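Overview (structure and organization)
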Amino acid sequence: MQIYLVGGAVRDQLLQQPVKDKDFVVVGATVSEMLDAGFQQVGADFPVFLHPTTHEEYALARTERKQGSGYKGFSVHASPNVSLKEDLQRRDLTINAMTIEVTSLADDTPISGEVIDYYGGLQDLENKTLRHVSDAFSEDPLRVLRTARFYGRYYDLGFTIAEDTLTLMRQLVNSGELAHLSAERIWQESSRATMQLSPQVYWQQLFDIGALTEYFAPLHGAWNNTHIRETVQTALYFAGQMRLNLPQRWALLMVSLTPSLFNNEHTHDQSKALRDINDIGNKAKVPKAHTQFATLFAQQAETLSMINSLSAAKKIDLIQACGAHKEPDKLSQLLVCSHVLQLATQHRQMMLALNSFHAVGMTDIAPDLKGPAIGAALRQSRIEHLQAHDAY
């Protein structure tokens, strides 16, 4: 029997990131041997066990065969004859398929600390690349979401997704396999990704490969508008930097469905936006409290943005509408969301201005200008460039 520390714990240790959970794979053992050692089996048909003291997960080495749709459509084969290499081949990304052998079931001290790497995880870690282990990647649609989540998690470290892995992700989306994922798993991955330091990366990646259309179709439609998409992505970035809670981040994402907040025309049917927020909440199994907070923010975002100019009567009405007389913290959280959205709007406007500033140079003005006339011409051309590109 050999026991190996596997997956995220090895990856994060090598990246010098905090190790939150430890998972182990056990080669050459049987179910009865694990039970006799005091381990508790998790599920009747799945060879995963909880350590009697640490409650960490120990899985028997296993192989899987695709037999149906979705991430549940697999038959699992676990036996003492399954090798470590065979077990690791079924994992999603090479950086998650590295192991370190430990002493025993009772002692997780590394024997040597040597990393066992059959599939190039160390090289991909060095190159900061997220790459699939094998073509078996395309058998599990959940890996589309997991890869996007890992991309968001390590985005600030400079990681990218390998092109051939992106191809497999797009193929999975186009195959319709995502429809077979449970809403609970969709929310589990999405909520974890939304709480990362750069939550916008996950949602941008899913949008780019068309993966929002199954469970988040209204969001995909809204994000076809570049203005809305870029503003909300910036808001999510600021939300991550400011450590906003999940309901606040979800509200900032869902405000994408209220285009009147972005075009200043105030002609949009707000009831449709609220229906879309509720529909997404139902389909993706979003906790009701998060949907309710997002709905409240969508309803009150315009008013919240004008706090300084509200009359006394409207401030009292806002208190009533938000239920702040019962939950004052909720009003504070809504105000923070409003400020983040305004900051994101201002940031996008100034980034457009900066782009226009850099887009116009000496070759874009008359060559015979002299002295102060050069600066004046550059300024005017940059203003015209911004006016032409700063559209809804």
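A brief look at the structure comes next. Computed from a predicted model, the values in this text were never measured in an experiment. (Residues numbered from 1 in each chain as written. Predicted model: local features only at pLDDT ≥ 70, side-chain atom pairs only at ≥ 80, totals over all residues. Heavy atoms only, no water.)

1. Overview of the pairing of strand S1 (residues 2-6)
Going by this rule: A simple rule labels every residue: compare its accessible area, found with a 1.4 Å probe on the protein chains alone, to the largest value its type can have, and call it buried under 20%, exposed over 50%, or partly exposed in between. Numbering of helices and strands runs from the N terminus, with a helix taken as a DSSP run of H or I at least four residues long and a strand as a DSSP run of E at least two residues long. Only strands that DSSP links by at least two bridges are regarded as paired with each other.
Where burial is concerned, most of S1 is hidden: 4 out of the 5 residues are buried. Here S1 runs beside strand S8 (residues 99-102); their pairing, made up of 4 bridges, is antiparallel. Bridging across to S8, Val-6 finds its partner in Thr-99.

2. Quick look at the pattern of salt bridges
We count it as follows: Any Lys or Arg side-chain nitrogen located within 4 Å of an Asp or Glu carboxyl oxygen qualifies as a salt bridge.
Taken as a whole and assessed by the stated rule, the structure comprises 13 salt bridges. In this structure, Asp-164 engages Arg-131 in a salt bridge whose closest nitrogen and oxygen atoms are separated by 3.6 Å. Taken as a pair, Asp-164 in helix H6 (residues 163-175) and Arg-131 in the loop between strand S10 (129-130) and helix H5 (142-154) lie far apart in primary sequence, 33 residues in all. A salt bridge links Arg-348 to Glu-230; its shortest N-O distance comes to 3.0 Å.

3. Quick notes on the packing of helix H7 (residues 183-194) against helix H11 (residues 246-254)
For any two helices packed against each other, one specifies the crossing angle of their axes together with the interaxial distance. Here is the rule: Only the stretch in contact is used when fitting a helix axis, every axis being a line fitted to C-alpha atoms; angles between N-to-C directions are given from 0 to 180 degrees. Note that the term roughly parallel is reserved for angles under 35 degrees, roughly antiparallel for angles over 145, roughly perpendicular for angles of 65 to 115, and oblique for everything else. The contact rule is simple, with two residues in contact once any of their heavy atoms fall within 4.5 Å. Following the grouping adopted for this structure description, the nonpolar residues are Ala, Val, Leu, Ile, Met, Phe, Trp, Tyr, Cys and Pro, the charged ones are Asp, Glu, Lys and Arg, and the polar ones are all others, Gly among them.
Where H7 meets H11, the axes come as close as 10 Å, and the angle between the chain directions of the two elements is 100°. Compared by their axis directions, H7 and H11 come out roughly perpendicular. Across the interface between the two elements, Trp-187, Ser-191 and Thr-194 from H7 touch Leu-246, Arg-249 and Trp-250 from H11. Taken together, the residues of the contact of H7 with H11 break down into 3 nonpolar, 2 polar and 1 charged.

4. Digging into the sheet that holds strand S5 (residues 57-60)
Reading across the sheet, the 7 strands line up as S3-S4-S5-S2-S1-S8-S9 and stay open at both edges, with mixed pairing between neighbours. The open sheet terminates on both sides in strands that have one partner only, identified here as strand S3 (40-42) and strand S9 (110-116). Neighbour to neighbour, the strand axes of the sheet diverge by 30° on average, direction disregarded.

5. Remarks on the packing of aromatic side chains
The condition is simple: Working definition: a ring pair exists when centres of Phe, Tyr or Trp rings (six-membered ring for Trp) sit within 6.5 Å. Plane angles under 30 degrees give stacked, over 60 give edge-to-face, the rest tilted.
Enumeration according to the criterion identifies 13 aromatic pairs in this entry. A ring pair is formed by Phe-39 and Tyr-58, whose centres lie 5.1 Å apart and whose planes are at 75°; its orientation type is edge-to-face. With Phe-39 in the loop between helix H2 (31-36) and S3 and Tyr-58 in strand S5, the pair connects residues that are 19 residues apart, well separated along the chain. Take Phe-39: its relative accessible area is 5%, and that puts it in the buried class. On the basis of relative accessibility, which here comes to 2%, the residue Tyr-58 falls in the buried class. Ring geometry for Phe-207 versus Trp-223: centroids 6.1 Å apart, planes at 70°, classification edge-to-face.

6. Observations regarding the pairing of S5
Pairing of strand S2 (residues 23-27) with S5, which is carried by 4 bridges, proceeds in the parallel orientation. Counted as the bridge partner of Val-25 is Ala-59 from S5. Across 3 bridges, the pairing between strand S4 (residues 48-50) and S5 is antiparallel. Counted as the bridge partner of Leu-50 is Glu-57 from S5. What sits between the antiparallel neighbours S4 and S5 is a turn of 6 residues, in which His-55 has the positive phi angle 65°.

7. Some remarks on the side chain of Thr-147
The topology assignment puts Thr-147 in helix H5. Residue Thr-147 is classed as buried on the basis of its relative accessible area, which comes to 0%.

8. Focus on empty space enclosed by the protein
In plain terms, the rule: Of the two site types, the cavity is a set of points on a 1 Å grid over the protein atoms alone where a 1.4 Å probe fits but cannot get out, and the pocket is an open set with protein on both sides within 12 Å along at least five of seven lines, each lined by residues with an atom within 4 Å of a point. Grid points are joined across faces, edges and corners, and a volume is the space filled by probe spheres set on the points.
Using the criterion set out here, one finds 1 cavity of 30 Å³ or more in the structure. Within this model, the largest cavity holds a volume of roughly 30 Å³. Leu-145, Leu-178, Ile-186, Leu-206, Ala-211, Tyr-215 and Phe-216 together form the lining of the largest cavity. Residue composition of the lining of the largest cavity, by class: 7 nonpolar, no polar and no charged.

9. Regarding the nonpolar core
Threshold: In plain words, nonpolar cores are sets of buried Ala, Val, Leu, Ile, Met, Phe, Trp, Tyr and Cys residues tied together by side-chain atoms within 4.5 Å.
With 95 residues, the main nonpolar core has Trp-203, Phe-216, Trp-250, Leu-252 and Phe-297 as its most contacted residues. Sequence-distant contacts of Phe-297, that is, excluding residues within four places in its chain, are made with Ala-251, Leu-252, Val-255, Leu-304, Leu-334, Cys-337, Ser-338 and Leu-341. Counting residues in each nonpolar core, the second largest holds 12 residues, with Val-25, Val-82, Ala-97 and Val-133 among its members.

10. Considerations on the packing of helix H13 (residues 270-283) against helix H14 (residues 288-304)
How we decide: Two helices crossing with the near one rotated counterclockwise from the far one by less than a right angle form a left-handed crossing, whereas a clockwise rotation gives a right-handed crossing.
Interaxial distance between H13 and H14 falls to 10 Å at its minimum, and their mutual angle equals 165°. Taken together, the axes of H13 and H14 lie roughly antiparallel to each other. Handedness of the H13/H14 crossing: right-handed. On H14, the residues touching Gln-270, Leu-274, Ile-277, Asn-278 and Gly-281 of H13 are Thr-291, Ala-294, Thr-295, Ala-298 and Gln-299. Considered class by class, the residues forming the contact of H13 with H14 number 4 nonpolar, 6 polar and no charged.

11. A word on the side chain of His-132
The line we're drawing: Whenever two N or O atoms come within 3.5 Å, that pair is a polar contact, provided that in protein one can donate a hydrogen and the other can accept it, and provided that, for residues adjacent in sequence, both atoms are side-chain atoms.
In this structure, His-132 sits in the loop between S10 and H5. Accessibility expressed as a relative area gives 11% for His-132, which makes it buried. Of note is the side chain of His-132, whose polar atom sits 2.8 Å from the side chain of Thr-165. For His-132, the residues in contact, after removing those within four places along its chain, are Asp-92, Leu-93, Thr-94, Phe-137, Asp-164, Thr-165 and Leu-168.

12. Some points on helix H10 (residues 226-241)
In plain terms, the rule: To estimate how far a helix should reach, multiply one less than its number of residues by 1.5 Å.
Along its 16 residues, H10 runs 22 Å from first to last C-alpha, staying within 8% of the 22 Å computed at 1.5 Å per residue. Within H10, 12 of the 16 residues are buried, which leaves the element mostly enclosed by the surrounding structure. Taken together, the buried positions of H10 are occupied by His-227, Ile-228, Arg-229, Thr-231, Val-232, Gln-233, Thr-234, Ala-235, Leu-236, Phe-238, Ala-239 and Gly-240. A side-chain oxygen of the first residue of H10 lies 2.9 Å from the backbone nitrogen of His-227; this N-cap is Asn-225. Trailing H10 by a residue or two, Arg-243 shows a phi angle of about 60°, which is positive.

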